[in-house]
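# Summary of structural features
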Amino acid sequence: MNITEKLEYSFPSLKHRNFRLFWFGQMISLIGTWMQNIGQGWLVLKLTNSSFLLGLVSAVQFLPVMLFSLFAGVVIDRFPKRKLILFTQTSFAISAFILATLTALKIINYWEILALALFNGFLNTIDMPARQSFIIDLVGKKDLMNAIALNSAVFNAARIIGPGIAGILIGKLGYAVCFYLNSASFIAVIIGLILITVEGITPKINDVKAKIFDDLRDGLIYIKNTPVILTTILMIAILSTFSMNFNVLVPVFTKDVLHREATDYGLLMSAMGTGALIGALTLASVSRRGVKPVYLFGGGIGLGIFQIFIGMQSSYLLTASLLALSGWSMITFSSSANTTIQINSADEFRGRVMSVYSLVFGGVTPIGSLYAGTLSQKIGSHITFIVSGIIALLYTLYVLVFQYKKVYGTKV
């Protein structure tokens, strides 16, 4: 068996041309996205010296997702996903270019960052569920878990590369370079989307206004009546809100507890990305065995435990190691949850189901960011890590002990 055959055996989703185009485009684009995330977070801290205002930026960026993602699901089930994603990705590139230019001209202020974050939030309302539900169109159900895991792998490979590069560039060339490079990185994913060939759908235009609310209601009833989807979505909601606020907590922890600078912060986020990448590749390599609840619950329990440990120490190297383990746990949990939901969703409801997934995975970020930013400002980031870990651990154990057999019906 040659290298190509081994890759196709371990990662069967790469046999699909459309997925390869999408995957490689994302690989380039996401590096730029992580560079901007790191640069923007550190720039906000420099401008405001406030963990609350840093949390507010993250909250505003996901506020539209929280408010409008349910309606976005109806739109996604009606229109070609490829065209929707092309629009959002092009708009993200323009937004990054504006941020870069304002920063380069030294006229950037906090409120401009907040406004651009809000604009990106409206784009994310469509982009997140569209991309999630688009993957099954590229590979089918059989290779879905492998594709989701590989998508997570490239996201977290970018999490390793992007923050490290950003930390160096901020120190050497300033923030604007990170934002310009992010804008340019979207070219790769836009070209990939243009080259992808998938069957479109005919928009449903009869009685549009009434139909939107009917479709929305039908989607929510479908989720309510499908216990495996409902229970998994509730787990995502709790853990996303209280235990996945690393973009808020890590910069504050780096600055206030570890007493380090931007380069060290970037390296810590790269360490977390390394753990997440290993977790994603591990999940992809075992995807042929199917979706197993042990991955879902193991990831949730691990996330809680490692966050508690982070808050109990102040060593830079130990923090890096624990963030790597947290990344591994988080990606194992979230990828397993994503796959569980999509595989158990009927095709005609998938856009609406994934819009609810986006709501509880990203849409609750305003609540989570304000929770993390406010609590860390009141009692410190180290205590906030401990509280967040306890919540994740206790809720995961609650579902495992009291709901597991009824909902999942298999051995862990």
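Residues numbered from 1 in each chain as written. Predicted model: local features only at pLDDT ≥ 70, side-chain atom pairs only at ≥ 80, totals over all residues. Heavy atoms only, no water.

The Subcellular location (unreviewed entry) comment attached to the protein in UniProt states, word for word, "Cell membrane". (UniProt positions renumbered as here; feature names shortened; annotations may be inferred.)

## A closer look at the packing of aromatic side chains
Think of a pair of aromatic rings as described by two things: how far the centres are apart, and how the planes are tilted against each other in angle. Using the criterion set out here, one finds 13 aromatic pairs in the structure. With centroids separated by 6.0 Å and ring planes inclined at 20°, the aromatic side chains of Phe92 and Phe186 adopt a geometry described as stacked. Of the two residues, Phe92 sits in helix H4 (residues 81-104) while Phe186 sits in helix H7 (residues 175-195), which places them 94 residues apart along the sequence. Pair check on accessibility: Phe92 and Phe186 agree, each one buried. Through successive ring pairs, a cluster of aromatic residues spans Phe246, Phe253 and Phe385. Geometry around Tyr316 places Arg260 over its ring, the cationic atom sitting 4.2 Å from the centre. (Phe/Tyr/Trp six-rings, centres within 6.5 Å; stacked < 30°, edge-to-face > 60°. Helix = DSSP H or I, 4+ residues; strand = E, 2+ residues; numbered from the N terminus. Buried < 20%, exposed > 50% of the residue type's maximum accessible area, 1.4 Å probe, protein only. Lys NZ or Arg CZ within 6 Å of the ring centre and 35° of its normal.)

## Some remarks on the environment of Leu277
Mapped onto the secondary structure, Leu277 falls in helix H11 (residues 262-285). A residue is classified by how much of its surface remains accessible, and Leu277, at 18% relative accessible area, is buried. Separated by 118 residues in sequence, Leu277 and Arg159 have C-alpha atoms that sit 8.5 Å apart.

## A short note on unusual backbone geometry
Backbone geometry at Asn49 places phi at a positive 55°, although glycine is not the residue there. Along the chain, Asn49 falls in the loop between helix H2 (17-48) and helix H3 (51-76). At His259, a residue that is not glycine, the phi angle is positive and equals roughly 60°. Checked against the element boundaries, His259 lands in the loop between helix H10 (246-256) and H11.

## Here we look at the nonpolar core
Of all hydrophobic cores here, the largest spans 114 residues; its most connected members are Phe19, Leu193, Ile229, Phe246, Val250, Ile341 and Tyr408. Of the residues forming this core, the biggest block, 13 residues, is contributed by helix H5 (residues 110-139). The residue makeup of this core includes at least three contributed by each of domain 1 (1-202) and domain 2 (210-411). Not counting the four nearest positions on each side in its chain, Tyr408 is found in contact with Val228, Thr231, Thr232, Met235, Pro293, Leu296, Phe297 and Thr340. Ala153, Leu277, Ala280 and Ile331 belong to the second-largest nonpolar core, a separate cluster that totals five residues. (Core = buried A, V, L, I, M, F, W, Y, C linked by side-chain atoms within 4.5 Å. Domains from an automatic or database assignment. Contact = heavy atoms within 4.5 Å.)

## Details of the packing of H2 against H11
With their axes 11 Å apart at the nearest point, H2 and H11 run at an angle of 140° to one another. Regarding the angle of H2 to H11, the classification is oblique. Crossing of H2 against H11: the hand is right-handed. In this structure, H2 uses Trp34, Ile38 and Trp42 to contact H11, whose residues at the interface are Ala262, Tyr265 and Met269. Among the residues making up the contact of H2 with H11, the classes are represented as six nonpolar, no polar and no charged. (Axes fitted to C-alpha atoms, helices over the stretch in contact; angles between N-to-C directions. Parallel < 35°, antiparallel > 145°, perpendicular 65-115°, else oblique. Left-handed = near helix turned anticlockwise from the far one by under 90°. Nonpolar A, V, L, I, M, F, W, Y, C, P; charged D, E, K, R; others polar.)

## Overview of the packing of helix H15 (residues 365-379) against helix H16 (residues 381-402)
Across the interface, H15 lies against H16 with an axial gap of 7 Å and an inter-helix angle of 130°. In terms of orientation, H15 lies oblique with respect to H16. By crossing handedness, the relation of H15 to H16 is classed as right-handed. Packed against H15, whose contacting residues are Tyr371, Ala372, Leu375, Ser376 and Ile379, the element H16 presents Ser381, His382, Ile383, Thr384, Val387, Ser388 and Ile391 at the interface. Class assignment for the residues of the contact of H15 with H16 results in seven nonpolar, five polar and no charged.

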